[in-house]
Amino acid sequence: MNKRPYVIPPAQLERLKDLSLFYPCSGEDYYDAIAVFSPYITDFWFVDKRYFTLRSALDCPPVLRRKADYELLDVKVEGLPLFRSRDPHIWPCIRTETYKHLPSKRVIRIHKRRGYGYSTMRYEGRMGKLGVFFYRGDSSGEGGSGDHWLRKSKLSEIYTHLVDGGLLALDGSNGGVNSQRHSQLRGAYKELFKYFYSWTNGERLTSKQLVEGVSAFTDEYNRHYECIGYAGDRYGPTMIWNVDRSNSAEPLIPSYEKIIRDYDNPTFDRFWLTDRLNRIKGFPDGLEKPYRIRKERLRSRRRYSVE
Ligand SMILES: C[S@@+](CC[C@H](N)C(=O)[O-])C[C@H]1O[C@@H](n2cnc3c(N)ncnc32)[C@H](O)[C@@H]1O
């Protein structure tokens, strides 16, 4: 199948200027999120527990090295550059690449963070307010996170970080506790999973037909969902939803401490275990060294050296 063009409604995106996009369990799937949102979003947070476990953050190729529309300006590494331990409590690391997006002349930052998705959402103070929650291509099977980000309670938690009128970009992966076809096709959020759980996965439809093929709906908290775009395919088409919460009655979210007590064997980013320093001061002692990477040209080839 030929690649379908993106559907990006510009008027909707103006208000996302200078906010963050958060994509947990992102693996190497960077480009659609960046291409669709880089005229608007400033900080892109890609979070995966396997980042910099085989190769040091000081020595990995820039994410957009093959993209002519982006010029790399700077690279910075914070935290432990390589972490091979089997210890389930991860020492985080953030590699931040700063680019100029040449068509819009905007500066964007791509943060690749080694860490757990949930810990990052709860404790990564640097991430700030979200304009977009991006999540796709994940599963409960081998290699997938099994984290049910689209469960009702998790969506409510996401909304404590997403601005009102922020967007969800989802292919319907890891839909909920019973992410089987029959239950997702009945539930309140069924439109979010429409293509993921259909036999054809929306494959014969154009981008425009995909957007028109799902219906707006309101959930039990009076949040209104409207599909406004399409951001490429992963396990299914990635649909962009505008969530209007101006009249919503948000449920109480249990405190993080309570959520943690409810698990028998929780795993965290070390930040949380060490202290909740991250929100206030930055990295805990011993992880404070920020490395910088200098870009050079050597016989007309690019080289990166560590300062
Ligand atoms: C099936 S891959 C999908 C990657 C990406 N979404 C894509 O479409 O290519 C799932 C990824 O989630 C990561 N992962 C698994 N559990 C995680 C967790 N709790 N927090 C963050 N990342 C996790 C894995 O390392 C893996 O890269």
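Each residue is numbered by its place in its chain's sequence as written, counting from 1. Totals for whole chains, interfaces and linings use every residue, but because this is a predicted model, local features are given only for residues with pLDDT of at least 70 and side-chain atom pairs only at 80 or more, for both listing and counting.

Section: the overall build of the protein
1) Next: In terms of regular secondary structure, the protein is built from nine helices and twelve strands.
2) Next: Comment: burial labels come from other C-beta atoms within 10 Å of the residue's own C-beta, placed from the backbone, where a count of 20 or more is buried, 12 or fewer is exposed, and between is partly exposed. Burial analysis of the protein (307 residues in total) assigns 38% to the buried set.
3) Next: Placing a C-beta atom from the backbone of each residue, one calls two residues in contact when those atoms lie within 7 Å. For the protein, restricting intrachain contacts to residue pairs at least 6 apart in sequence, the fraction spanning at least 24 positions comes to 67%. The way it works is that DSSP assigns letters per residue, a run of H or I at least four long becomes a helix, a run of E at least two long becomes a strand, and they are numbered from the N terminus.

Considering the pairing of strand 5 (residues 106-114)
1) Next: One requirement defines pairing of two strands: DSSP has to find at least two bridges between them. Note that strand 2 (residues 43-48) and strand 5 share six bridges and pair parallel. Bridging from a neighbouring strand, valine 47 pairs with arginine 113 of strand 5.
2) Next: Pairing between strand 4 (residues 93-101) and strand 5: nine bridges, direction antiparallel. Bridging from a neighbouring strand, glutamate 97 pairs with isoleucine 110 of strand 5.
3) Next: Here strand 4 hands over to strand 5 after four residues, with lysine 105 in that stretch at a positive phi of 60°.

Some points on the site of the ligand
1) Next: Any residue whose backbone-placed C-beta atom lies within 6 Å of a molecule or strand is treated as near that molecule or strand. Neighbouring residues of the ligand: 20 residues in total, closest Cys25, Gly27, Asp29, Gly137 and Ser145.
2) Next: The residue makeup of the shell around the ligand, split by class, is four nonpolar, eight polar and eight charged. Note on residue categories: nonpolar means Ala, Val, Leu, Ile, Met, Phe, Trp, Tyr, Cys or Pro, charged means Asp, Glu, Lys or Arg, and polar means any other residue, Gly included.

Regarding unusual backbone geometry
1) Next: Look at cysteine 25: it is not a glycine, yet its phi comes out positive at around 55°.
2) Next: For cysteine 25, the position within the fold is in the loop between strand 1 (20-24) and helix 2 (31-37).
3) Next: The backbone of phenylalanine 52 sits at a positive phi, close to 55°, despite the residue not being glycine.
4) Next: With respect to the helices and strands, phenylalanine 52 occurs in the loop between strand 2 and strand 3 (70-79).
5) Next: A count of 26 C-beta atoms within 10 Å places phenylalanine 52 in the buried class.

Things to note about the environment of serine 215
1) Next: As for its position among the elements, serine 215 is in the loop between helix 6 (207-212) and strand 8 (217-218).
2) Next: In sequence terms serine 215 and lysine 194 are 21 residues apart; their C-alpha atoms lie 9.7 Å from each other.

Looking at the confidence of the model for the protein
1) Next: Confidence scores labelled pLDDT are given residue by residue by the predictor and lie between 0 and 100. Across the protein, pLDDT averages 84, with 79% of residues at or above 70.
2) Next: When the elements of the protein are averaged for pLDDT, helix 9 (residues 277-280) gives the smallest value, 44, and strand 1 the largest, 98.
3) Next: Here residues 274-281 scores under 50 on pLDDT; set against residues more than four positions off or in separate chains, the count is eleven contacts.

A closer look at the nonpolar core
1) Next: Here a nonpolar core is just a set of buried residues of the types Ala, Val, Leu, Ile, Met, Phe, Trp, Tyr and Cys, joined wherever their C-beta atoms sit within 7 Å. Core analysis: the largest hydrophobic core is formed by 64 residues, its most contacted members being Leu21, Phe22, Tyr23, Phe44, Val132, Phe134 and Trp241.
2) Next: When sequence neighbours within four positions are dropped, the list of residues in contact with phenylalanine 134 reads Leu21, Phe22, Tyr23, Ala33 and Ala169.

Concerning the environment of lysine 129
1) Next: Residue placement: lysine 129 occurs in the loop between helix 3 (117-123) and strand 6 (130-135).
2) Next: Once the C-alpha coordinates of lysine 129 and histidine 161 are considered, the two residues, 32 residues apart in sequence, prove to be 5.5 Å apart.

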